Amino acid sequence: MRLPLHFALAVLLVNLAVCEEEASVRIEPYVEKVPANHLKFYLHFAEPMERGDAFRFLRLIEINDSGKELVEVPEPFREVELWDETFTRMTLWFHPGRQKPGVNLNVEIGPILEEGKTYRLEISPDWKTESGAKLGGALAKTIEAAEPDSEQPDPTAWGSGYGIDARGQSVILIHTGETLDPESARRRIQIFIEGKAMEFDVRSNQLAFVPPQKKVDSFRVVIDPRLEDLAGNSVARPFNLDLDSNPNFQERTDPVELLFPRKIKFSEDSKFPGKVEKKKN
Amino acid sequence: MKTLSLFLAVGLTVGFANADSGSHLKDAQTGGLELKSVGKISFGTGGLLLISDPGSASVVAVETGDTGPLVKLAKRIDNIEGALAEACEAENVLIVDMAVNPASGTTWFSVNQRPGNKPAILALSGDGKFSVPDLSGRSYVRMNLPSAENAKLRNVTDLAWGGDSVIVAGQSSEEFANKIFQIPTPLEHGENARFASAETYHVAHRRWETKAPIQSFIPWEEDGKHFVVGAFACTPIAKFPLEKIETGNKIKGTSVVELGSGNRPRDMFIYEKDGEEWLVTNTQRFKKNLFGPSKFWAARVKLEYLEVNDDEDTNENAARRNVNAPSGPDAKGMEVVEELFGAVLVSQLENAEVVVMRETDPEKADAMHAVELVTLP
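Remember, predicted model here, so these are calculated numbers, not experimental data.

Criteria and cut-off values
- Residues numbered from 1 in each chain as written.
- Chains lettered and ligands numbered in written order.
- Predicted model: local features only at pLDDT ≥ 70, side-chain atom pairs only at ≥ 80, totals over all residues.
- Heavy atoms only, no water.
- Helix = DSSP H or I, 4+ residues; strand = E, 2+ residues; numbered from the N terminus.
- Buried < 20%, exposed > 50% of the residue type's maximum accessible area, 1.4 Å probe, protein only.
- Contact = heavy atoms within 4.5 Å.
- Areas by Shrake-Rupley, 256 points an atom, 1.4 Å probe, with all protein chains shown as cover.
- Core = buried A, V, L, I, M, F, W, Y, C linked by side-chain atoms within 4.5 Å.
- Salt bridge = Lys/Arg side-chain N within 4 Å of Asp/Glu carboxyl O.
- Phe/Tyr/Trp six-rings, centres within 6.5 Å; stacked < 30°, edge-to-face > 60°.
- Lys NZ or Arg CZ within 6 Å of the ring centre and 35° of its normal.
- Pairing = 2+ DSSP bridges.

## Quick look at the overall build of chain B
Then, number 1: A count of helices and strands for chain B gives two helices and 28 strands.
Then, number 2: Taken over 377 residues, chain B has a buried fraction of 62%.
Then, number 3: Contacts in chain B between residues far apart in sequence, at least 24 positions, make up 58% of those at least 6 positions apart.
Then, number 4: Entry remark: accessible area of chain B is about 13700 Å², with carbon and sulfur atoms responsible for 46%.

## Considerations on the nonpolar core
Residues and elements named next belong to chain A.
Then, number 1: Formed by 32 residues in total, the largest nonpolar core has its most connected members in Leu43, Met90 and Trp127.
Then, number 2: Of all the elements in the fold, those that place two or more residues in this core are strand E2 (25-28), strand E4 (40-45), strand E5 (58-63), strand E8 (89-93), strand E9 (118-123) and strand E10 (139-146).
Then, number 3: With sequence-adjacent residues up to four places away left out, Trp127 is seen in contact with Leu43, Phe45, Met49, Glu50, Ala54, Phe57, Leu58, Trp83, Met90, Ala133, Lys134 and Leu135.

## Let's talk about the pattern of salt bridges
Then, number 1: Across all of its chains, the model carries 36 salt bridges over all chains by this definition.
Then, number 2: Salt-bridge contacts for A:Asp254 lead to A:Arg252; the nearest nitrogen and oxygen are separated by 3.4 Å.
Then, number 3: When the shortest N-O distance is used, the salt bridge between B:Arg142 and B:Asp53 registers 3.0 Å. On the criterion of sequence distance, the pair formed by B:Arg142 in strand E10 (residues 139-144) and B:Asp53 in strand E4 (residues 48-53) is long-range, its members being 89 residues apart. A single burial state applies to B:Arg142 and to B:Asp53, both of which are buried.

## Focus on the packing of aromatic side chains
Then, number 1: Following the criterion strictly, the structure yields 13 aromatic pairs over all chains and no others.
Then, number 2: Taking 5.0 Å as the distance between ring centres and 70° as the angle between the ring planes, the aromatic pair formed by A:Phe45 and A:Trp127 counts as edge-to-face. Of this pair, A:Phe45 sits in strand E4 while A:Trp127 sits in the loop between E9 and E10, and the two are 82 residues apart along the sequence. By the burial criterion, A:Phe45 is buried, and A:Trp127 matches it.
Then, number 3: When the ring of A:Phe219 is compared with that of A:Phe260, the centres are 4.8 Å apart and the planes differ by 15°; the resulting orientation is stacked. Here the residue A:Phe219 occupies a position in strand E17 (residues 219-223), and A:Phe260 occupies one in strand E18 (residues 256-260), the gap between them amounting to 41 residues. Both residues of the pair, A:Phe219 and A:Phe260, count as buried.
Then, number 4: An aromatic cluster of at least three residues, connected via ring pairs, comprises A:Phe41, A:Phe55, A:Phe77 and A:Phe94.
Then, number 5: Over the ring of A:Phe87 we find A:Arg51, and its NZ or CZ is 3.5 Å from the ring centre.
Then, number 6: One residue, B:Arg300, lies across the ring of B:Trp278, its end atom 3.6 Å from the ring centre.

## Considering the sheet that holds E4(A)
All names here are of chain A.
Then, number 1: An order of E2-E4-E8-E7 is seen for the four strands of this open sheet, with the pairing classed as antiparallel. The two strands at the open ends of the sheet, each matched to only one other strand, are E2 and strand E7 (82-83).
Then, number 2: Taken together, the two bridges between E7 and E8 define a ladder with antiparallel strand orientation. In the strand pairing of E8, Trp83 is matched with Met90.

This is how it looks when you write it as C-alpha cells:
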C-alpha cells in the first residue's frame, strides 16, 4: 500500500545523467535508454536514509516528449526495501512478475515499461535522511524503453582499447556491447594486470580502469557467470527461462576468462563519461 | 500412519515445560547487545527471541527472560504506533515486525524510531502496558549469515524457531536470488549455518522459478521428515526438505497449493479447529482487492493439501484456490478468512488465537494501526 504522494511542490527536476556529481542521490544505471524488461535501479544517497516506508517517496510516471506527465504507472515496484550495509544504497526493483513476459502479472496487469515510451522515476524531496533532514529538491531520472532484451551477455564478444575519461586521463576501456547491471558488474567482474586486481568504473556499455603504467602488454578479465545485464539475463542463464520447454538447460557455472591482446589500440568509442579512480597500492 | 506436527507447536509445549532457553545457547555473551538494524523477529521457546539484523547480515538470539505466566492481550490497542512512540520517547515509530511470545502473551515489536532510524525492540504486555525491555544485560549470541558469494544476503524475509535449529529465509539485495539457512542448536556466535537455494514451480506462472525469494514460511514435519513450507509472491505454497540443505546446493521444492496471482505473503501459521487443521497465510495484494475491503487479506487451506506428494497433485497440477468461492463447498478447503481482512501482521499466540496488527482505514495508508487478539473460526 502506498501513501498519496506530494510531488506538486517539486520545483527542480535534476536530470542525474547530466548532474550526477552534485545530486544528493545518484541513480544507476547511468543510461537514458533501457530495455523494456529492465529490472532495477540503484539509488545512491549521500547519507543514510530513513527506511521502512521508502515506497511512499518513489513513483514512476509516463511522460511525453516535453516531459509532461501523462499517467502514473500503477504498482511498478517490488515493494521490498533492499539496502546495503551503510544504508546509503537502495536497490529498487521493478516487479519481476510484471517484467517477465508471459507470467501471470505480466499478462494480467501488463508490463511496467512499453517499448518506445518515455518514463520518469521520481524521488520525493520529502524523504528524510537518518539525521532527519529532507532530501530537498525533487530528483528524477528519465528513461526511454527500448526493445526487450532476452539475450544473455556474451563476454567473448567484448573488446578493449585505450580511452580518455572525464578527467582527461588515459584509461583502458572494455566494451561490453550492452549495458550491464552496474552493481553486478562491480561484483562479478575482476580485472587483473600481472596478477594485481584493478579497480574499475562502470558506465553504460563500458568498463574503465587506469592502468598502472602507460603501456600495458595484456590484462586478464575473469567473469563470474552470475554477471547480469539490465534485464537480469546472466552469463549463466537468461532471466526468463522456461524450464518446461527447456528441461535440459544447463546453467553455466564456471567463470569466463578473457585475455586481452598484447597490443591494445585506441578505442573507436574512446570517451568514458566517468572519472575513474586510480588503483590504490 | 502419517503424522503431522508443527515444529513450533511442539516447541512451545516444550517451552512451557522448560523455560530454560539457555540450553539453546552455547558460549553466549552477556551484556553488550547492540543492533545495527532490526528486521523480522520471532520467538523460540522459553522467551528466546530471534531478531534479524539485516544491517550486519546476522540473526541475534537473546534470552529475554520473558517466560510467563501467560497473560493474553485483554483489549484492542488503537494507534499502536503512537503508543510505541510514547514508550520509547520518539516522535513516532515505524513498525517493522511483530511477534507474540507464547510463553507470556507479551507482544514484541521491532521498530525504527523517527526521526532517524534508530532500531528498537519494544513490548506490549497482556495487560496493555508498553515497555522498552532492557536487553543490555541479557545473554545472547549473534549468528552471522554466511555466503559463499562475495556479498552477504542482507534481507531476511522470515525466520523461525525450528525445534532443533533456527531457519532463516533471505534474499540478495543485488540479484534476484534466494537462500534458506539452517542454523543448528546449540546456537552460538559466528557462522554456523548451512544454506541452499530454493527452486520452486510457480503454479500461477506455470514455470519453474529458481530465483524467487521465499516471503514467509513455517517449519513443518511430515512422516518424521522436516520441511520448510514456504509461500512465495503470486502465491504458490511449496515444501522443501530440510535434509537436502547442503551449503551451496539447490533444493527443489514441491508446490502443493496456489492461492492466486498478485499477492505477497506476509505471515504463515497452522491452527486446529473442530478437528480440522488449517494453514493460514496472510498476504498483501499488489492491486485492488476485488473480494474484500482491504489489500491485506488471508486464506486458510486445509492441511491435507500439504500432505500430497504425487505428481498428479503437485507443481503444475497443484490445487488452486477457487477465486470465485471465498468459502463454502466450492472453496474446497481453501477459504478467505474474514477475520483477517486488513491484517498487516499476524503472530500466533496459541492455536486459533492470534495477535493481529491491522489497518484502521484501508483508504489511508498513513492511518495508524490497531493491535488486538483475534480468535479464528
